[in-house]
Amino acid sequence: MSIKKVTKAILPVAGFGTRFLPATKATPKEMLPIIDKPLVQYAVEEAALVGIKEIIFITNHTKASIERHFSKSSKLEEKLISSNKKHHLKKINPDILQDLTYKYINQEDQLGLGHAISLAKDEINDEPFAVLLPDDLFISKPSCMHQLLNTFNKYKKSVIAVNKIHSDNIHNYGVISTKDISSPYKLDGIIEKPSADKAPSNIAVCGRYILSSDIFNHLQNVKKDHSGEIQLTDAIQSLIQKEDVMACLYEGEKYDCGSKKGYIEATIKLALNDDSIKKDITSFIRDIVE
Ligand code: UTP
């Protein structure tokens, strides 16, 4: 991979969010709030904090509220100013999002994560780029993207975030071959959603990647899986036949907010991190579990 800075991030947001129906029938999963901020904004902020300048959403017509969320809202701003609520302006225009540009690419048919990523080929050219799945929420310092970027800057190779998972959940994830990962590790195999008895390890990809633009050639050649989807995992398995890909064991907490369990856990965790409500929420939880 040529040595270039990572300035672009792809955020695929075109999925149906079926695990969260009926909430996701008319509201994008990525717009569901954790406390008072939509999930997608956590991912955009994580990208911006490591120096990403351009956010490329892979989206569709049912997700228009995502584009509205990242657009200027002049009427709301005027209202906040005229009604003496200027202090809220920073909430809708946080400094951290000021330098970003946004692009929106339509994914007409939901043919999988790999297909979604492949649609951004012309926007990426030959630069390495980040991928963030906004339904995975990471809580750590440094952030998950920061940890990946440190590895990328050291090795100048594609790098994917991985974490240890419970065997009950293995069939939901891309699982890597190695059992013993002393991070960062040169990936030697990855398989999408294996059954627990066939899984090569209990270490799975989590939703953050930095990828070489060569991945687009591999995505072109990946065949649809049994469910008719083009999997990013299959393209990564193909990429490692040609060039090194590193796996970086993520240090921190990760919540799969596309599932009810993960979403509620993340909400409780962030509520307890929020000084303005922490005390009340702690005593509320104590009261209801006692
Ligand atoms: P998921 O499989 O977690 O999302 O895809 P989903 O399909 O929306 O959720 P369920 O399983 O039906 O509940 C991971 C990410 O990839 C995006 C999703 O929006 C999510 O952010 N994605 C998935 C696409 O953009 N396009 C696709 O065709 C599939």
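Just so you know, these numbers come straight off a predicted model, no measurement behind them.

For the chain, the helix and strand inventory stands at 11 helices and 14 strands. Radius of gyration (C-alpha) of the chain: 19 Å, near the 19 Å computed for a compact globule of 290 residues. The 290 residues of the chain split such that 49% are buried. Contacts in the chain between residues at least 24 apart in sequence constitute 76% of all its contacts with a sequence separation of at least 6. Accessible surface, the chain: about 15,200 Å² in total, of which carbon and sulfur atoms supply 51%. Positive and negative side-chain charges of the chain, numbering 39 and 38 respectively, have mean locations separated by a distance of 2 Å.

Below, the discussion takes up the packing of aromatic side chains. One pair of aromatic rings is described through two measures. These are the centre distance and the angle between the planes. Within the structure shown, the criterion is met by seven aromatic pairs. Judged by centre distance (5.1 Å) and plane angle (75°), the rings of phenylalanine 20 and tyrosine 263 are edge-to-face. Placement of phenylalanine 20 in the loop between strand 1 (8-12) and strand 2 (33-34) and of tyrosine 263 in helix 10 (residues 260-273) is noted, with a sequence separation of 243 residues between them. Each member of the pair, phenylalanine 20 as well as tyrosine 263, carries the same accessibility label: buried. Relative to tyrosine 102, the ring of phenylalanine 57 has its centre 6.2 Å away and its plane inclined at 15°; by these criteria the two rings are stacked. Remark: tyrosine 102 occurs in strand 5 (residues 101-106) and phenylalanine 57 occurs in strand 4 (residues 54-59); sequence separation between them is 45 residues. Classification of tyrosine 102 by relative accessible area gives partly exposed; the value is 21%.

Relative to the elements of secondary structure, serine 259 occurs in the loop between strand 14 (253-256) and helix 10. Engagement of the side chain of serine 259 in a polar contact is seen with the backbone nitrogen of glycine 262, the distance being 3.1 Å. Not counting chain neighbours up to four residues away, the residues in contact with serine 259 comprise Arg19 and Phe20.

So, about the site of the ligand. Taken together, 18 residues form the shell around the ligand, and within it Gly15, Gly17, Thr18, Arg19 and Gln107 come nearest. A distance of 2.8 Å separates an oxygen atom of the ligand from a polar backbone atom of glycine 15. With respect to the ligand, the side chain of glutamine 107 contributes an N or O atom lying 2.7 Å from a nitrogen atom. When the free accessible area of the ligand is taken as 570 Å², the share hidden by the protein chains comes to 83%. Under a 2 Å grid-point criterion requiring more than half of the atoms, the pocket assigned to the ligand is the largest pocket. For the shell around the ligand, the class distribution of residues is eight nonpolar, six polar and four charged.

Next up on the list: the layout of surface pockets. As a volume, the largest pocket reaches approximately 1,600 Å³. At the level of secondary structure, the elements contributing two or more residues to the lining of the largest pocket comprise helix 5 (113-118), strand 8 (158-164), strand 12 (203-211), helix 9 (232-239), strand 14 and helix 10. Looking at which element gives the most residues to the lining of the largest pocket, the answer is strand 12, with four residues. Looking at the lining of the largest pocket, its residues break down into 16 nonpolar, 18 polar and 15 charged.

Our next topic: the nonpolar core. Judged by nonpolar contacts, the single largest core of 34 residues is most densely connected at Ile160, Ile215 and Ile236. Every element with two or more residues in this core is listed here: strand 4, helix 5, strand 6 (129-132), strand 8, strand 12, helix 8 (215-221), helix 9 and strand 13 (245-249). Discounting residues that sit within four places of it in the chain, isoleucine 215 has contacts with Phe129, Leu232, Ala235, Ile236 and Leu239. Met31, Phe57, Phe70 and Phe138 belong to the second-largest nonpolar core, a separate cluster that totals 33 residues.

Take the environment of leucine 187 next. Here leucine 187 lies in the loop between strand 10 (185-186) and strand 11 (190-192). Its relative accessible area of 4% is what places leucine 187 among the buried residues. Separated by 86 residues in sequence, leucine 187 and threonine 101 place their C-alpha atoms 33 Å apart. Setting aside anything within four residues of it in sequence, one finds leucine 187 in contact with Ile160, Ile176, Ile236, Ile240, Val245 and Ala247.

A few words now on the pairing of strand 13. In terms of burial, strand 13 is a largely internal element, four of the five residues being buried. Where strand 8 meets strand 13, five bridges bridge the pair, whose relative direction is parallel. Bridge pairing in strand 13 places isoleucine 160 opposite alanine 247. Bridge count between strand 10 and strand 13: two bridges; the pairing is antiparallel. The partner of lysine 186 across the bridge, within strand 13, is methionine 246.

A cluster of nonpolar side chains, Ile264, Ile268 and Leu272, forms an exposed patch at the surface whose accessible area comes to about 230 Å². By the element assignment, leucine 272 lies in helix 10. By relative accessible area, leucine 272 is classed as partly exposed at 31%.

Cut-offs and rules
Residues numbered from 1 in each chain as written. Predicted model: local features only at pLDDT ≥ 70, side-chain atom pairs only at ≥ 80, totals over all residues. Heavy atoms only, no water. Helix = DSSP H or I, 4+ residues; strand = E, 2+ residues; numbered from the N terminus. Rg over C-alpha atoms; globule rule 2.2 N^0.38 Å. Buried < 20%, exposed > 50% of the residue type's maximum accessible area, 1.4 Å probe, protein only. Contact = heavy atoms within 4.5 Å. Areas by Shrake-Rupley, 256 points an atom, 1.4 Å probe, with all protein chains shown as cover. Lys, Arg positive; Asp, Glu negative; His and termini not counted. Charge placed at Lys NZ, Arg CZ, Asp CG, Glu CD. Phe/Tyr/Trp six-rings, centres within 6.5 Å; stacked < 30°, edge-to-face > 60°. Polar contact = N/O pair within 3.5 Å; in protein donor to acceptor, adjacent residues only side chain to side chain. Near = heavy atom within 4 Å. 1 Å grid on protein atoms, 1.4 Å probe; cavity = no way out; pocket = protein on both sides within 12 Å on 5 of 7 lines; lining within 4 Å. Sits in = over half its atoms within 2 Å of the grid points. Nonpolar A, V, L, I, M, F, W, Y, C, P; charged D, E, K, R; others polar. Points joined across faces, edges and corners; volume = space filled by probe spheres on them. Core = buried A, V, L, I, M, F, W, Y, C linked by side-chain atoms within 4.5 Å. Pairing = 2+ DSSP bridges. Patch = residues over 30% accessible without salt bridge, like charges linked within 9 Å, V, L, I, M, F, W, Y side chains within 5 Å. Salt bridge = Lys/Arg side-chain N within 4 Å of Asp/Glu carboxyl O.

These results come straight from atomic positions and should not be treated as a statement about function.
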